[in-house]
Amino acid sequence: MLYYLLIILFCLIKTSNVMIKRSFLTILFLIISILSVFGQSINRNPQECVAHHLKYTNAKDYDPDKAARSFYGLSRTDAADLANKLKLTYDGMGIYIPVNKIPDNPEYIDSTSNQQKFFILPDRLPAIFVEKIGNAWYYSPDCYNNINEMYSNVYPFGSDLLYDNIPRFDNRKFLGVYLWQYLSFLILIFLAFFSYFILKLIFKPLLSFIADRSFNFHMHLPHKYSKTAKVTSLILIFYVLKYAFALIRLPIGLSSFLITSIDIVIVVLIGILIYRIFDIIISYIDQKAKSTPTKLDDQYIPILQQIAKLIISIGVIFKVLVLLNVDVTAIIAGLSIGGFALALASQDTVKNFIGSVMIFLDKPFKVEDWIEIDKYSGTVKEVGFRSTRIEQLDTSIISIPNNIISNQALVNKGERNLRMYETNIAITFGTSGNSIETYLSGLRKIATEHPKIFGKYYINLSGLGTSSINILFRIYFITNNYDEELKLKENITFLLIELAEDLGIHFALPSQTLYFSKPPKPDNLNESSAENLEILKSKLSEFFKSKNFGQIEDENNEE
């Protein structure tokens, strides 16, 4: 074409006829006009294709015929209709197309498919792309069905009819928005608030009914059901608002801001809803855990809640970043490298976490157990991710890292079904053998007849001390309660003292005594010993008649 223009220009220079020059100039003007028209119809690169489509579907420069030139293989009417639908879909979804970021290279090749294609928004609109057909770039014919489907999703059946019948009482604008659009926006907000209160009243009993049927028993959780109903209502309302805002067709800048904001709010609310539902499930697990004899599984509840909250929060944050067009892949890569460095710097924290996992798997103790580890002892109050909290005798709380607990010898005194009571009874020298034998018999009878004493016992004359005759008294109580253990020890101690008093036996004190006495005559000794033995046996019989062990058992059961 340029070759012909040069020939025409050469002829104009050579000829002297004015009429011929004018004719040639007219022909030249027509050729240039035709070329300019054809030049507009050719999209030389991906940027021009998208830019022409967006420019001529905009209200300011609206020209459906020119916008149709970005579509290939369709009639002008069908192409214009498809161009308009795609632009309305962008607006309804609140998508702003950054034209300046689209490549202007006519020979652009997509690195993924190795074809001359360009995906406009591969994350949000993977089905919409332009491709080179012949010498020009067009929206791919493969996208046409996707455009119609997307338009139907954004504008359901009847949306066009509703939009056409919205009263436009005033075409004046304020800050780029029509006054009728302001009014429509306010009406939608009012209807949303009204619908929220109605839906909240419907969802609360519905959630309670579903939960009761799912868990096979009634859980009285009105507060949790109310919160879940509120969040569910808000999600539904914001979904409706998202489509309703598309109907009033706000400017793309405002529409993009509103739709993106609503999407973020919906994502956050969905995260909260998942957590609320999980909280109801946790309440069910908590009730089941309380019905079990062990209390360690009760500690699973707060840990499960923390893990769920962490996972849901991370998911919500990443989804919000995607909505804000942030490159999440780069963030994940950075976090992985940073996480590796953090793991190296926080080895103790990792060890403590692994230690907590081992505690829950191995279950060396449960909550409210009395444990002894290293130089610490006390009642277990809570098992966390990093440490275990123990209440000591002075009611102070000490936190021991789980790594230490999982790697050291631990004495669990809370698992005992039997509690040992051991004491050395020291009686004075000069106590006769008959008295000692009778006292030992009485002690053994206490051990066999007391309802709270286990059958295994050790009651023996253990030896002679420097100032006393020693008796080992070791028994086992049938209890796993510390308060009851103390009461039983007190009860047995009183019995030991009262039995000694009745038999005339005296407890020895640490001392040294010199005795000056004459040895008794053999006949008198044997006679008095026999009489003394009968007296002691009689006193022992009277002692046990006075003690009603059945009554002791009834009193313990009442307590």
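Residues numbered from 1 in each chain as written. Predicted model: local features only at pLDDT ≥ 70, side-chain atom pairs only at ≥ 80, totals over all residues. Heavy atoms only, no water.

**Overview of the overall build of the protein**
Filter applied, for reference: Secondary structure elements follow DSSP: runs of H or I of four or more residues count as helices, runs of E of two or more count as strands, with numbering from the N terminus. Any residue under 20% of the maximum accessible area for its type is buried, any over 50% is exposed, and the rest in between are partly exposed; the area is computed with a 1.4 Å probe on protein chains only. Residue contacts are defined here by distance: any two heavy atoms, one from each residue, within 4.5 Å place the two residues in contact. Under the convention used here, a 1.4 Å probe and the Shrake-Rupley method define accessible areas, while residue burial counts only the protein chains that appear.
Within the protein, the secondary structure is distributed over 18 helices and 13 strands. The proportion of buried residues among the 559 residues of the protein is 35%. Within the protein, contacts between residues separated by at least 24 positions form 64% of all contacts whose residues are at least 6 apart in sequence. Here the protein displays about 33,900 Å² of accessible surface, and carbon together with sulfur accounts for 60% of that area.

**Comments concerning helix 6 (residues 144-154)**
How we decide: Working note: the arc is built from the helix axis to C-beta atom directions.
Inspection of helix 6 places Tyr144, Ile147, Met150, Tyr151 and Val154 among the buried residues, and these make up the whole buried set. Down the axis of helix 6, the sector holding all buried residues measures 120 degrees, keeping them to one side.

**Quick notes on the packing of aromatic side chains**
As a reminder, the rule being used: Ring pairs shown here join Phe, Tyr and Trp side chains whose ring centres sit within 6.5 Å, with only the six-membered ring taken for Trp; geometry is labelled stacked below 30 degrees between planes, edge-to-face above 60, and tilted in between.
If you walk through the whole model with that rule in mind, you get eight aromatic pairs. For the pair Tyr72 and Tyr138, a centre-to-centre distance of 5.2 Å together with 45 degrees between the ring planes defines the contact as tilted. In this pair, Tyr72 sits in the loop between helix 4 (64-67) and helix 5 (76-92) while Tyr138 sits in strand 3 (residues 136-139), placing the two residues 66 residues apart along the sequence. For the ring pair Tyr196 and Phe197, a centre distance of 5.3 Å and an interplane angle of 65 degrees mean the geometry is edge-to-face.

**Considering the sheet that holds strand 10 (residues 410-412)**
Put simply, the rule reads: Here, a strand pair is defined by DSSP locating no fewer than two bridges between the strands. Between N-to-C directions, angles span 0 to 180 degrees; the directions come from axes that are lines fitted to C-alpha atoms, helices contributing only their stretch in contact.
Taken in spatial order, the five strands line up as 9-8-7-6-10 in an open sheet, and their pairing is antiparallel. Looking at strand neighbours, the two that pair on one side only are strand 9 (397-401) and strand 10, the edges of this open sheet. The sheet shows a mean angle of 40 degrees between the axes of neighbouring strands, taken without regard to direction. Inspection of the sheet shows strand 8 (residues 387-391) paired to strand 9 by five bridges, in the antiparallel sense. By the bridge assignment for strand 9, Thr388 is matched with Ile400.

**Some points on unusual backbone geometry**
A positive phi is found at Asn114, a non-glycine position, where the angle reads about 60 degrees. Assignment of secondary structure puts Asn114 in the loop between helix 5 and strand 1 (117-121). Of note, Thr395 is a non-glycine position whose phi angle comes to about 70 degrees, a positive value. Considering the arrangement of structural elements, one finds Thr395 in the loop between strand 8 and strand 9.

**A word on the sheet that holds strand 13 (residues 469-478)**
Taken in spatial order, the three strands line up as 11-13-12 in an open sheet, and their pairing is antiparallel. Here the strands that pair on one side only, and so sit at the sheet edges, are strand 11 (418-427) and strand 12 (458-464). Taken pair by pair, the neighbouring strands of this sheet meet at an average axis angle of 20 degrees, ignoring direction. Across six bridges, strand 12 lies against strand 13 in antiparallel orientation. What sits directly across from Asn460, in strand 13, is Leu472. Each of strand 11 and strand 13 is contacted by helix 16 (residues 482-502), which is oriented at about 25 degrees to strand 11, the strand it contacts most.

**Points about the side chain of Lys452**
Put simply, the rule is: Definition of a polar contact: a pair of N or O atoms within 3.5 Å, with one able to donate and the other able to accept a hydrogen when the atoms are protein atoms, and with sequence-neighbouring residues admitted only if both atoms are side-chain atoms.
Topologically, Lys452 is positioned in the loop between helix 15 (433-449) and strand 12. Looking at Lys452, its side chain comes within polar contact range of the side chain of Glu484, at 3.3 Å.

**Concerning the nonpolar core**
So the rule is basically this: In this text, buried Ala, Val, Leu, Ile, Met, Phe, Trp, Tyr and Cys residues form a nonpolar core when linked through side-chain atoms within 4.5 Å.
The biggest cluster of nonpolar side chains holds 29 residues, and the ones touching the most others in it are Phe71, Tyr90, Ile97, Ile120, Ile128 and Tyr139. At the level of elements, helix 3 (46-56), helix 5, strand 1, strand 2 (125-133), strand 3 and helix 6 are the ones that each hand at least two residues to this core. With six residues, helix 5 is the largest single contributor of residues to this core. Those residues in contact with Ile128, other than ones at most four positions away along the chain, are Leu86, Tyr90, Phe119, Ile120, Tyr139, Cys143, Ile147 and Met150. Membership of the second largest hydrophobic core comes to 28 residues, among which are Tyr421, Ile436, Ile475 and Leu503.

**A short note on the pairing of strand 2**
Along strand 2, seven of the nine residues are buried, which leaves the element largely enclosed by surrounding structure. In this structure, strand 1 lies alongside strand 2, joined through four bridges in antiparallel fashion. Bridging from a neighbouring strand, Phe119 pairs with Phe129 of strand 2. Where strand 1 folds back onto strand 2 in an antiparallel hairpin, the turn is made up of three residues. The pairing of strand 2 with strand 3 spans four bridges and is antiparallel.

**As for the pattern of salt bridges**
Selection rule: One side-chain nitrogen of Lys or Arg within 4 Å of one carboxyl oxygen of Asp or Glu is enough to make a salt bridge.
Summed over the entire model, instances satisfying the criterion amount to nine salt bridges. Close ionic contact of Lys85 with Asp81 constitutes a salt bridge, the shortest N to O distance being 3.6 Å. Residue Lys85 and its partner Asp81 are located together in helix 5, separated by four residues, close to a single helical turn. The exposure class assigned to Asp81 is partly exposed, which follows from its relative accessible area of 39%. Among the ionic pairs, Lys452 bridges to Glu484, the shortest N-O distance being 3.3 Å.

**What to know about the environment of Ile404**
If you trace the backbone, Ile404 turns up in helix 14 (residues 402-407). Take Ile404: its relative accessible area is 34%, and that puts it in the partly exposed class. Each C-alpha atom, one on Ile404 and one on Ile373, is 9.0 Å from the other, the two residues being 31 residues apart in sequence.

**Digging into the environment of Cys143**
Relative to the helices and strands, Cys143 is located in the loop between strand 3 and helix 6. Take Cys143: its relative accessible area is 0%, and that puts it in the buried class. Taking the C-alpha atoms as reference points, Cys143 and Ile128, separated by 15 residues in sequence, lie 5.6 Å from one another.

**Some words on the packing of helix 15 against helix 16**
The condition that has to hold: In what follows, roughly perpendicular refers to angles from 65 to 115 degrees, roughly parallel to angles under 35, roughly antiparallel to angles over 145, and oblique to any angle outside these ranges. When the near helix sits turned anticlockwise from the far one by under a right angle, the crossing is termed left-handed; a clockwise turn instead gives a right-handed crossing. Just so you know the grouping, Ala, Val, Leu, Ile, Met, Phe, Trp, Tyr, Cys and Pro go in nonpolar, Asp, Glu, Lys and Arg go in charged, and all remaining residues, Gly too, go in polar.
At a minimum axis separation of 10 Å, helix 15 and helix 16 run at an interaxial angle of 155 degrees. In terms of orientation, helix 15 and helix 16 fall into the roughly antiparallel class. As helix 15 runs across helix 16, the sense of the crossing is right-handed. Residue-level inspection shows Tyr439, Gly442, Leu443 and Ile446 of helix 15 in contact with helix 16, the latter providing Ile492, Leu495, Leu496, Leu499 and Ala500. Here the residues of the contact of helix 15 with helix 16 sort into eight nonpolar, one polar and no charged.

**Overview of the state of the cysteines**
Heads up, the rule is: Cysteine sulfur atoms are paired as a disulfide whenever they come within 2.5 Å of each other.
Under the defined criterion, the tally for this structure stands at zero disulfides. For the unlinked cysteine Cys49, the closest cysteine sulfur is that of Cys143, found at 10.0 Å. Take Cys49: its relative accessible area is 0%, and that puts it in the buried class.

All we've got here are geometric facts, nothing functional implied.
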